[in-house]
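Summary of the model geometry
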Amino acid sequence: MGEFKVHRVRFFDYMPSAISAMAFNVHTERLAVARADGTVEIYNFADNCFQEKVIPGKDGRTVEALCWAGQRLFSTGLNGEIVEYDLENLRSKYTVEAYGGPVWTISSNSQGTQLAVGCEDGTVKIFELVEDSIQFQSNFDRLKSRVLSLSWHPSGTQIAAGTMDMIRVFNVTTGHATQRMMVDRAAGANKKKEVAVWSVVFLSDNTVISGDSAGKVQVWDSQMGTLIRTHLVTKWDVMALAVSRDESSLLAGTSEGSVVQFQFISARLDQPDKEWQRTRTLRSHSHDVRALVHTDTAAVSGGNDAHLVVRPFMEKVVKGSKESAPCKITFPHRSLVSCGKKAGILLFQFPERLEVWRLGESNENGEELSVTKKPEALIHLKRKGDDHICCSTLSPCGGWLAYASASSVRLFQLQYDNDSIALTKVEMGPLHVLLWFVFFVPHYLPSPSPPPPEVSKQAVHLMSTSDDGQWLATANSDCEVHVYNLKKLKYHCTVPVYGSCPSAMAIHPTGSNVVMVHADQKIFEYSLEQKEYTEWSRSLAKKGLHGSWLNRVAPVTHVSFSASNPDYIILHDMNMFCIIDKSLPLPEKDSDLVGAETQLISNSSVFPSVFKNLLCVGLMEDHSLVVVERPLLDIATRLPAPVRQKKFAT
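Per an unreviewed UniProt entry, the protein goes by the name UTP4 small subunit processome component and belongs to Gadus morhua.

Next up, the structure:
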């Protein structure tokens, strides 16, 4: 590729939404994350914390709490509804009105047979899980203030409820309160202010632990209704609590952005009795920590700064392994940017709108390129309806634009006339819906005839077409990659299933090969004509990838190619981009990963602190490289986004 021009695009003003709730399924190792805009994301912790599913949000729908009941996922919000999600079709399955005003919290018993919700009107309501639905079962004694937090006893016979200034313990069978525990208010000027019990945890030994707006973590004896110990954690709020499965460790998230760990240990070596002791403080957030999960090996936290942070406990993992590396996820694990590489335009996707921009132009002047024509915003297209945009794309020629929500697919034609642009909506009949759906919309693909053998019911999350329009490759969260012949509208083949989910893939523009990168960082190349792995892919699998590459945490989110050099594969994740030259030998396991004599010839370590928060790296028709990055120092602060162009040599 030699020397090439790089467009540094920093005008994609994408702001991730705050994290409002989380729930972890220990049986499937899936983490559900809810954001303030109503979006729900599913991460697979058994597959490098890959974001395998996204359920788009909807205007007017907020999520205050999440919970798993077996394999089923539920949420509640301030609209007063309980929502169950369809995890195959990635949408809400149904909603049930709780009839208690805004619903602040939801919790499932350990058996996965009942749900408890806490409402604004002071009621705790029990719902029974039945096939494909839930049914109202009972109301507990009404309290005088809203119910903010709930926790089931592991036996399923009692529930602890946190309200204003107190904690109540209920008998599930009778619905009557058996204990009332008053929470101390803050000292000084705040003594008249009510204390909100934001979180409670009910342990198997009948201990209840609470976190409140006065900054306290308190340990209670629920049988006697007495306070055992108070830990003053912060001057502000303790927003969330999470306990380990063996109940030996507790996490508390604060509005200062810190996560405090407590452990059930002896205060001294010669003292046999154990008690809850504060042992460490983790600082990974700049704002409120609103949600916490305690896995067997890590603390998982999220909040108003929009970061999902995984902090391993070093005593629980092998030092130097991938599991020991902290992980911070802010942006989606799929592209929000489409390149019209022949027209030199970009499409940016937001939940509520699309933006089309034309790249700037420059004159060469040494290393820095002076901008002679600034980037230009061509179109701001607002979506129709309440459903958020879940996917979008732009044709290579820049003449077609399509986007989809959970309820509709829309197609537009773009016509350029000097400095003006016209946008025309295209009405699609049934056949056109199918064809454009196949070409443009990576969501849930109707199967051409004949269908693939034993096709998965999971939604398609990746899609790639060949430049000549013959091949279409799709990938789903069951790790399947299916290939279709678009000219014949027939199913062609299925790539041998690999046990990690594909995170990015693309079909080579000059050869009929599809390159797939998986969440565990493995790379494969498959010949569509021969229906087998290529020789390069076989040699790569035989020798194995470099350990430094495999130990990376962030998944590759985009694959592209160089039209001038068919041996070049361009990959990027949120932290780096690199170029793989297939004509060079593979690096030895004990050698440096980046070097001129090995296949990996360029990477962000060559340009220290140059590229950050990469959202897209694409190669345009004129062989210039477009790097879309999001400058992000503080998620709550909007910074001016300069536009610069620079050229680098590989």
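Once the structure has been displayed, the description carries forward.
1. Quick look at the overall build of the protein
For the protein, the count of helices and strands is three helices and 54 strands. By the burial criterion, 57% of the 650 residues in the protein qualify as buried. The long-range fraction of contacts in the protein, counting pairs at least 24 apart against all pairs at least 6 apart in sequence, stands at 47%. For the protein, the exposed area adds up to about 27,900 Å²; of that, 49% sits on carbon and sulfur atoms.

2. Details of the packing of aromatic side chains
Scanning the entire structure with this criterion turns up 15 aromatic pairs. Here the aromatic rings of F12 and F350 are separated by 5.1 Å at their centres, their planes lie at 80°, and the arrangement is edge-to-face. Of this pair, F12 sits in the loop between β1 (3-9) and β2 (19-25) while F350 sits in the loop between β31 (345-349) and β32 (353-358), placing them 338 residues apart in sequence. The exposure class assigned to F12 is buried, which follows from its relative accessible area of 1%.

3. Remarks on the sheet that holds β32
Spatially, four strands are ordered β30-β31-β32-β35 in an open sheet, and the strand pairing comes out antiparallel. Looking at which strands have only one partner, the edges of the open sheet turn out to be β30 (337-340) and β35 (376-382). Across the sheet, the axes of successive neighbouring strands diverge by a mean angle of 20°, strand direction being ignored.

4. Focus on the pairing of β31
Along β31, five of the five residues are buried, which leaves the element largely enclosed by surrounding structure. Of the two faces of β31, the one lined by I345, L347 and Q349 and the one lined by L346 and F348 are each fully buried. Alignment of β30 against β31, held across four bridges, turns out to be antiparallel. Each bridged residue has a counterpart across the sheet, and for S338 the counterpart in β31 is L347. If you look at the hairpin formed by β30 and β31, you'll find four residues sitting between the two strands, and G344 has a positive phi there, around 70°. As defined by bridge partners, β31 adjoins β32 across five bridges and the pair is classed as antiparallel. Looking at the pairing, L346 lines up with W357 of β32.

5. Notes on unusual backbone geometry
Its identity as a non-glycine residue notwithstanding, D165 has a phi of 75°, on the positive side. Mapping D165 onto the fold places it in the loop between β15 (158-162) and β16 (166-171). Here the phi dihedral of A306 falls at roughly 75°; this positive angle occurs in a residue that is not glycine. Secondary-structure assignment places A306 in the loop between β27 (298-303) and β28 (308-312). Look at A306 and you get buried, because its relative accessible area is 0%.

6. Things to note about the pairing of strand β48 (residues 558-561)
In this sheet, strand β49 (residues 568-572) lies alongside β48 in antiparallel orientation, the contact comprising four bridges. Bridged to F561 within β49 is I569. Taking the residues between adjacent antiparallel strands as the criterion, β48 and β49 are bridged by six residues.

7. Regarding the state of the cysteines
Inspection of every chain in the model, using the stated rule, returns zero disulfides. Cysteine C479 is unpaired, with the sulfur of C501 as its nearest cysteine sulfur at 5.0 Å. We classify C479 as buried; its relative accessible area is 13%.

8. Examining the sheet that holds strand β6 (residues 65-69)
Strands pair in a sheet through their backbones, by hydrogen bonds, and they do so in one of two ways: parallel or antiparallel. Ordered in space as β6-β7-β8-β9, the four strands form an open sheet in which the pairing is antiparallel. In this open sheet, the two strands that pair with only one neighbour each are β6 and β9 (91-97). With direction set aside, neighbouring strand axes in the sheet form an average angle of 25°.

9. Some details on helix α2 (residues 535-543)
Of all the residues in α2, the buried ones are W536, S537 and L540. One side of α2 carries all its buried residues, which in axial view fall inside an arc of 100°. Opposite the buried face of α2, by more than 90 degrees, sit the exposed residues E535 and K542. Each element contacted by the buried residues of α2 is listed here: β46 (523-527), β47 (532-533), β49 and β50 (577-581). Within two residues after α2, G544 carries a phi angle of roughly 90°, on the positive side.

Cut-off values and rules
- Residues numbered from 1 in each chain as written.
- Predicted model: local features only at pLDDT ≥ 70, side-chain atom pairs only at ≥ 80, totals over all residues.
- Heavy atoms only, no water.
- Helix = DSSP H or I, 4+ residues; strand = E, 2+ residues; numbered from the N terminus.
- Buried < 20%, exposed > 50% of the residue type's maximum accessible area, 1.4 Å probe, protein only.
- Contact = heavy atoms within 4.5 Å.
- Areas by Shrake-Rupley, 256 points an atom, 1.4 Å probe, with all protein chains shown as cover.
- Phe/Tyr/Trp six-rings, centres within 6.5 Å; stacked < 30°, edge-to-face > 60°.
- Pairing = 2+ DSSP bridges.
- Axes fitted to C-alpha atoms, helices over the stretch in contact; angles between N-to-C directions.
- Disulfide = S-S within 2.5 Å.
- Arc of directions from axis to C-beta.

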